[in-house]
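# Coordinate inspection notes
Given next are the chains, with one letter for each unit.
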Amino acid sequence: SVVPPTGRRFRLSVGTLAALHPYSVGVSNPVRSLMEEPRPSSPPVRVWRDWVLLAVVMISGLLEGALRNDLPLRGLSVVLTVGLAPLLLWRRAHPLAVVATAFGVTAVVDIVLIASDAPALDMFTMVYLLVLPYSLFRWGSGREAVAGLAIILVPATLSLIVSWTGLADAIG
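Residues numbered from 1 in each chain as written. Predicted model: local features only at pLDDT ≥ 70, side-chain atom pairs only at ≥ 80, totals over all residues. Heavy atoms only, no water.

If you check helix α8 (residues 142–162), its first and last C-alpha atoms are 31 Å apart, about what 21 residues at 1.5 Å a residue would give, namely 30 Å. Where α8 is concerned, the buried positions are Gly 142, Glu 144, Ala 145, Gly 148, Ile 152, Pro 155, Leu 158 and Val 162. (Helix = DSSP H or I, 4+ residues; strand = E, 2+ residues; numbered from the N terminus. Expected span 1.5 Å × (residues − 1). Buried < 20%, exposed > 50% of the residue type's maximum accessible area, 1.4 Å probe, protein only.)

Structure (structure tokens):
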């Protein structure tokens, strides 16, 4: 209890949850605090901006596939880019499933490229995948964020292996 200048007492935390998990436990154990973080109560519904984003990504992917002369494995690159784009519509409602699907597919493709000694896919439009980790950390629970981060690290590591050009490019 804290006694303010008015003389009345009040508690800083109340209820059974505070009794089970005092503030000091969350501060002293950040991993536990992260793992117990709940999902936000209600993610926004799909709006017109989501459809515009999807259209921009799909049109950009198709145009890049048609106009870039130096694109290795053109067909696979375009199919992968355009095929994964609709996942953007479910990024708020099911962030872990979307991250697992998108980055899982890219990991499998990278493994096949490594095994067949094929060149790396190099679509600039695939930058839209960066929206998915944001959505995972924004709309997922703490456990989902940790699991999703582990999923994301696999294709990130594989892409370094597939397109290795040196330490300078790998760092930044």
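From this point, things continue past the structure.
Time to look at the pattern of salt bridges. Inspection of the entire model under this criterion finds six salt bridges. Among the ionic pairs, Arg 68 bridges to Glu 64, the shortest N-O distance being 2.7 Å. Just as Arg 68 is buried, Glu 64 falls in that class too. Arg 68 serves as the salt-bridge partner of Asp 70, at 3.1 Å between the closest nitrogen and oxygen. The network of salt bridges with common partners includes Glu 64, Arg 68, Asp 70 and Asp 122. (Salt bridge = Lys/Arg side-chain N within 4 Å of Asp/Glu carboxyl O.)

To continue, consider the nonpolar core. With 24 residues, the main nonpolar core has Phe 103, Met 126, Tyr 128, Leu 129 and Leu 132 as its most contacted residues. Looking at this core, the elements that each hand over two or more residues are α4 (48–67), α5 (74–84), α6 (95–115) and α7 (131–139). Sequence-distant contacts of Met 126, that is, excluding residues within four places in its chain, are made with Leu 80, Thr 81, Leu 84 and Thr 106. (Core = buried A, V, L, I, M, F, W, Y, C linked by side-chain atoms within 4.5 Å. Contact = heavy atoms within 4.5 Å.)

Let us look at the side chain of Arg 91. Position of Arg 91 among the secondary structure elements: in the loop between α5 and α6. In this structure the side chain of Arg 91 is engaged in a polar contact, spanning 3.0 Å, whose partner is the side chain of Asp 50. Polar contacts involving the side chain of Arg 91 include one to the main-chain carbonyl oxygen of Leu 88, which spans 2.7 Å. Leaving out residues up to four positions away in the same chain, Arg 91 has contacts with Asp 50, Leu 53, Val 98, Val 131, Leu 132 and Ser 135. (Polar contact = N/O pair within 3.5 Å; in protein donor to acceptor, adjacent residues only side chain to side chain.)

Our next topic: the confidence of the model for the protein. Taken over all residues, the pLDDT of the protein has a mean of 84, while the share at 70 or more is 81%. Of all the helices and strands in the protein, helix α1 (residues 16–20) carries the lowest mean pLDDT, 57, while α4 carries the highest, 96. (pLDDT = per-residue confidence, 0-100.)

Moving on, we get to unusual backbone geometry. Across residues other than glycine, the phi torsion is negative in most instances, and most of the peptide bonds are trans. For Leu 73, which is not a glycine, the phi torsion comes out positive at approximately 50°. Tracing the sequence through the fold places Leu 73 in the loop between α4 and α5. One non-glycine residue with positive phi stands out, namely Asp 117, at about 55°. Looking at where Asp 117 falls in the secondary structure, it is placed in the loop between α6 and α7. Taking the relative accessible area as the measure of exposure, Asp 117 reaches 70% and is therefore exposed.

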